[in-house]
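Survey of secondary and tertiary structure
As a plain string of letters, each chain reads:
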Amino acid sequence: MLQSIKRSIRFALIGTGIIFFLLFIIFYFPNTKVADTSQSIFVPTGTSFATLKKILEPHLKSTITFSLAAKAKRFDTPRIGHFVLKPSMGNQQIVNALRSGNTPIQVVFNNQQTIAHLAGRVAEQLELDSLSLTKEIESTYFMDSVNLNREELLSLFLPNSYEMYWNISAAEFCQRMQRENDLFWNENRESKRKRLNMSRAEVITLAAIVNEESRKVDERPRVAGVYLNRLRSGMKLQADPTVVYAMKRQANDFEMVLRRVLYKDLEIKSPYNTYKYRGLPPGPITMPDISSVEAVLNAESHNYLFFVVDPKNPGYHLFASTYNEHLANRKVYVRWLNDNRIMR
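The following refers to the structure shown.

What the rule picks out here adds up to 12 salt bridges. For Asp 182, the salt bridge identified is with Arg 200, shortest N-O distance 3.1 Å. Within this pair, whereas Asp 182 is found in helix 8 (residues 170-184), its partner Arg 200 is found in helix 10 (residues 200-213), the two being separated by 18 residues in sequence. Residue class for Asp 182 comes out partly exposed when judged on its relative accessible area of 43%. Overall, the relative accessible area of 27% leaves Arg 200 in the partly exposed class. For Glu 190, the salt bridge identified is with Arg 200, shortest N-O distance 3.3 Å. Separated by 10 residues along the polypeptide, Glu 190 in helix 9 (residues 187-196) and Arg 200 in helix 10 bring together distant segments of the chain. Ionic contacts of the salt-bridge type, sharing partners, join the residues Asp 182, Glu 190, Arg 193 and Arg 200 into one network.

As structure tokens, this is what we get:
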């Protein structure tokens, strides 16, 4: 009788051990195949549990144990978003991460030339599709809420890196950009903007021209000063980048590369052609770097009204206060273009 009891206890202990071992395998034994420090998992809207397993399969050692753990934890409806798997995570940790670990990502965009380009760049990084985002940005409701017209809309978006959720909606994205814009225009920048007697959109529009004229951050305040001098004196801006933009816009080809603006190009009929029309163009020709915006707000004070590329100092320009000085500088530049056979 005693022996029988001992055997029963031994079997019970063995059975209990097996159960605990199986539970350990199912819930706590490392089940990720993550070679690096982490692995991003993106779960789109409408994903079923079966589809989730297919998404996870390349990164799990066993989808069977994962399914058992998920069932035990009543995790049968996947959350959408961006989740992170780490080395040595067991199914318990994996399920917890997928249930409540929607992790923000860094969304980056830079010098986009149109709202469509911006939407396309953002859609590459978020669950959003570019058409729905474009539609939301260009909606009457949103334009009214930010007090901008269609041509000025691009001025709202500042090139930078933004932390946001992968499954953010189009409306939420727009609201976030509006908040970021308001934060950018702090008291100091607003004070400088008002001294220029320009709206936010106008500052960005001029900054976009400065951005395209000079890639040298240290030179941009001087370039901005030239354009501000021209605006104040009633001169046309005569900015080559606006002509290039007008040509791209007319051809609907923003990949067009033009290294030289010809006299015939200056006749293009477009409100963006600052050789034909005084003042600023209707809106930005690109999303300017923040350094270009700062260049306008902190423009250099001088008497220059003209500038042209300096062939001897790549990336920089020769500046002039008089037209005759400018003609002499331009002659040097044109000779360089011809010598290097840059015809277009």
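This brings us to the nonpolar core. With 64 residues, the main nonpolar core has Phe 109, Leu 126, Leu 133, Ile 137, Phe 157, Phe 173 and Tyr 227 as its most contacted residues. At eight residues, the largest contribution of residues to this core is made by helix 10. Formed by 17 residues, the second largest nonpolar core is a distinct cluster that contains Leu 52, Phe 66, Val 95 and Ala 97.

Between helix 10 and helix 13 (residues 290-297), the least distance of the axes is 8 Å, while the angle of their chain directions is 115°. Relative to helix 13, helix 10 is oriented roughly perpendicular. Viewed along their axes, helix 10 and helix 13 form a crossing whose handedness is right-handed. Mapping the contact onto sequence places Val 203, Ile 204, Leu 206, Ala 207, Val 210 and Asn 211 in helix 10 and Ser 292, Val 293, Val 296 and Leu 297 in helix 13.

To describe a pair of aromatic rings, you give the distance between the ring centres and the angle between the ring planes. Across all of its chains, the model carries 13 aromatic pairs by this definition. Each ring, one from Phe 157 and one from Phe 173, has its centre 6.5 Å from the other, and the planes form 15°; the classification is stacked. Here the residue Phe 157 occupies a position in the loop between helix 7 (140-146) and strand 4 (160-164), and Phe 173 occupies one in helix 8, the gap between them amounting to 16 residues. For Phe 157, a relative accessible area of 1% puts it in the buried group.

Residues of helix 4 (residues 91-100) that are buried include every one of Asn 91, Ile 94, Val 95, Ala 97 and Leu 98, and no others. Viewed end-on, helix 4 has its buried residues packed into an arc of 160°, placing them on one side of the element.

A separate point is helix 14 (residues 323-339). The first and last C-alpha atoms of helix 14 sit 24 Å apart over 17 residues, in line with the 24 Å expected at 1.5 Å per residue. If you check which residues of helix 14 are buried, you get His 326, Asn 329, Tyr 333 and Leu 337. Down the axis of helix 14, the sector holding all buried residues measures 90°, keeping them to one side. Of the exposed residues in helix 14, the ones pointing more than 90 degrees away from its buried face are Asn 324, Lys 331 and Asp 339. Buried residues along helix 14 sit against strand 5 (306-309) and strand 6 (317-320).

Looking now at the side chain of Ser 214. Topologically, Ser 214 is positioned in the loop between helix 10 and helix 11 (220-233). Among the polar contacts made by the side chain of Ser 214, one reaches the main-chain amide nitrogen of Lys 216 at a distance of 3.2 Å.

So, about the environment of Ser 132. Relative to the helices and strands, Ser 132 resides in helix 6 (residues 130-137). Distance from Ser 132 to Val 244, taken between C-alpha atoms, is 29 Å for residues 112 residues apart in sequence.

Time to look at the environment of Ile 105. Assignment of secondary structure puts Ile 105 in strand 3 (residues 105-109). Residues Ile 105 and Thr 63 lie 42 residues apart in sequence; the distance between their C-alpha atoms is 26 Å. Not counting residues within four places of it along the chain, the set of residues in contact with Ile 105 comprises Phe 42, His 82, Gln 125, Leu 126, Tyr 162, Glu 163, Met 164 and Trp 166.

What follows covers the packing of helix 6 against helix 8. Two numbers describe how helix 6 lies on helix 8: the axes approach to 9 Å, and their chain directions differ by 50°. Here helix 6 lies oblique to helix 8, going by the angle between them. For the pair helix 6 and helix 8, the crossing hand works out as right-handed. Across from Ser 132, Leu 133, Glu 136 and Ile 137 in helix 6, the residues of helix 8 making contact are Ala 170, Ala 171, Phe 173 and Cys 174. Residues that form the contact of helix 6 with helix 8 fall into these classes: six nonpolar, one polar and one charged.

Of note, the phi angle at Ser 88 is positive, near 70°, even though the residue is not glycine. With respect to the secondary-structure elements, Ser 88 resides in the loop between strand 2 (81-85) and helix 4. On the basis of relative accessible area, Ser 88 is assigned to the exposed category, the value being 52%. Positive phi is not limited to glycine here, since Asn 197 has a value of about 60°. Among the secondary structure elements, Asn 197 is positioned in the loop between helix 9 and helix 10. Residue class for Asn 197 comes out exposed when judged on its relative accessible area of 68%.

Calculation criteria
- Residues numbered from 1 in each chain as written.
- Predicted model: local features only at pLDDT ≥ 70, side-chain atom pairs only at ≥ 80, totals over all residues.
- Heavy atoms only, no water.
- Salt bridge = Lys/Arg side-chain N within 4 Å of Asp/Glu carboxyl O.
- Helix = DSSP H or I, 4+ residues; strand = E, 2+ residues; numbered from the N terminus.
- Buried < 20%, exposed > 50% of the residue type's maximum accessible area, 1.4 Å probe, protein only.
- Core = buried A, V, L, I, M, F, W, Y, C linked by side-chain atoms within 4.5 Å.
- Axes fitted to C-alpha atoms, helices over the stretch in contact; angles between N-to-C directions.
- Parallel < 35°, antiparallel > 145°, perpendicular 65-115°, else oblique.
- Left-handed = near helix turned anticlockwise from the far one by under 90°.
- Contact = heavy atoms within 4.5 Å.
- Phe/Tyr/Trp six-rings, centres within 6.5 Å; stacked < 30°, edge-to-face > 60°.
- Arc of directions from axis to C-beta.
- Expected span 1.5 Å × (residues − 1).
- Polar contact = N/O pair within 3.5 Å; in protein donor to acceptor, adjacent residues only side chain to side chain.
- Nonpolar A, V, L, I, M, F, W, Y, C, P; charged D, E, K, R; others polar.

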